[in-house]
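Read off the chains here:
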Amino acid sequence: MRTKIFVCSNSGINYTSHSNNISALPVIIKFNEEEEYVDYLDAISEAYFNRVKHSEYKPSIIPIDKERLLDYINNAIHAKYDQIVFILSSKEFIDTIDIINDAIKDFTIPINIIETNAICYPLASMAIEADRLLNKLGVDIETVENKIKLMNKQYNIYIYSSNKDAKTVNASMKFADESILPSEGGDIYTFNGELNKMDKKLKLKFDDMISMFNKDIGNDDVIPFILCNSKDSLYNDLLEVELLKIFGNLKYIKKFPIPSGIGNKFGSYSCAIGYTKFEKD
């Protein structure tokens with residue numbers, strides 16, 4: 001049985017390797033009545049961040065409309081898929097359940113909805129795992145739901161939110177012998193299904209985010225990753241240097257763009273580190 005999997009674009013699935021069985025269900029980036037973009041299709045993550053950096057207004061992130069959603073479903077049916085699975089992102093960032101339920105009510109093809117509390121790479125990993133289980137191993141949907149329920153509990157993301165990018169020591173061009181420093185005055189958030197902002201009264205700094213991450217993983221076997229607002233952000237180098245100190249067996253750390261629907265909450269210069277800790281079969 002061939003299964004089409006739609007996962008929210010808040011997963012950043014378009015920035016990871018995946019099979020054609022998986023497609024992003026995009027959120028809509030709305031600046032005003034005249035200007036809106038379909039996530040990734042009209043504006044990739046970096047273009048979104050560049051647009052926001054030069055805008056006086058913060059856009060709204062809204063769900064895909066019913067008409068577009070129906071097109072996605074009909075295209076999957078025309079492609080001869082036997083069933084469809086929607087894997088949704090955390091409602092903290094977007095809520096699409098009502099629109100999907102309304103759109104699917106008149107279809108006879110089996111359609112399942114799996115709600116998660118996840119975003120970014122952890123959510124993309126869930127879709128990739130669902131594809132492996134359904135399309136390669138041919139397991140039943142209940143097994144997939146149970147696996148994703150487990151994966152929901154095995155990740156954490158640390159977000160550094162600032163109104164400035166990282167900087168070099170002399171605040172100009174970066175040279176090989178220069179140090180990179182984070183901007184000052186940022187906020188630190190954690191997200192593992194619930195969004196928590198670290199209390200500024202604790203006087204936390206960028207380095208504290210690395211320390212909290214390191215303490216969190218302990219001796220567990222995890223897959224670390226970096227989320228960035230731009231491929232040219234100095235935070236990429238800064239974060240990789242710190243994570244390679246922790247994961248001495250790795251030569252590099254996986255990096256992914258922050259999806260527009262996530263970056264919109266934390267600002268144009270936000271960056272993040274996280275891990276996934278998935279059970280093996």
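Our subject is the structure listed above.
Residues numbered from 1 in each chain as written. Predicted model: local features only at pLDDT ≥ 70, side-chain atom pairs only at ≥ 80, totals over all residues. Heavy atoms only, no water.

How do you make sense of the sheet that holds strand E1 (residues 3-8) when you look at a structure like this?
Spatial strand order, E2-E1-E6-E7: four strands in an open sheet with parallel pairing. Whereas interior strands pair on both sides, the edge strands pair on one side only; in this sheet they are strand E2 (22-25) and strand E7 (111-115). Here the strands of the sheet are splayed against their neighbours by 25° on average, with no regard to which way each runs. The sheet contacts of helix H3 (residues 97-104) involve E2, strand E6 (83-88) and E7, and relative to E7 the element is tilted by about 175°. Contacting E1, E2 and E6, helix H4 (residues 120-136) crosses the sheet at an angle of about 175° to E1. (Pairing = 2+ DSSP bridges. Helix = DSSP H or I, 4+ residues; strand = E, 2+ residues; numbered from the N terminus. Axes fitted to C-alpha atoms, helices over the stretch in contact; angles between N-to-C directions. Contact = heavy atoms within 4.5 Å.)

Which parts of the structure should I look at to understand H4?
Residues lying three or four places apart along an α-helix face the same way, a consequence of the helix completing one turn every 3.6 residues. When the terminal C-alpha atoms of H4 are compared, their 24 Å separation across 17 residues agrees well with the 24 Å that a helix rising 1.5 Å per residue should span. Counting buried positions over the 17 residues of H4 gives 13, a clear majority of the element. Just past H4, the residue Gly138 takes up positive phi, approximately 70°. (Expected span 1.5 Å × (residues − 1). Buried < 20%, exposed > 50% of the residue type's maximum accessible area, 1.4 Å probe, protein only.)

Can you help me understand the packing of helix H6 (residues 206-217) against helix H7 (residues 234-246) in this one?
Axes are the key here: two packed helices are described by the angle between their axes and the distance separating the axes. Contact geometry of H6 with H7 gives a least axis separation of 11 Å together with a crossing angle of 35°. In the crossing of H6 with H7, the sense of the turn from one axis to the other is right-handed. Here Phe206, Met209, Ile210, Phe213, Asn214 and Ile217 of H6 lie close against H7, whose contacting residues are Tyr235, Leu238, Leu239, Glu242, Leu243 and Ile246. Counted by class, the contact of H6 with H7 contains ten nonpolar, one polar and one charged residues. (Left-handed = near helix turned anticlockwise from the far one by under 90°. Nonpolar A, V, L, I, M, F, W, Y, C, P; charged D, E, K, R; others polar.)

Help me understand the pairing of strand E11 (residues 187-191), please; the structure alone is not making it clear to me.
Successive residues of a regular strand alternate their side chains across the two faces of the sheet. Buried residues dominate E11, accounting for five of its five residues. Of the two faces of E11, the one lined by Asp187, Tyr189 and Phe191 and the one lined by Ile188 and Thr190 are each fully buried. Alignment of strand E8 (residues 155-161) against E11, held across five bridges, turns out to be antiparallel. From the neighbouring strand, Ser161 faces E11, where its bridge partner is Asp187. Note that E11 and strand E12 (residues 195-197) share three bridges and pair antiparallel. Its bridge partner being in E12, Tyr189 is matched across the sheet by Lys197. Count of turn residues in the E11/E12 antiparallel hairpin: three residues, of which Gly193 carries a positive phi of about 115°.

Whenever I open this one, H7 confuses me. Can you help?
Between the first and last C-alpha of H7 there are 19 Å, a value that for 13 residues agrees with the 18 Å anticipated at 1.5 Å per step. Every buried residue belonging to H7 is among Leu234, Tyr235, Asn236, Leu238, Leu239, Glu240, Glu242 and Leu243, and all of these are buried.

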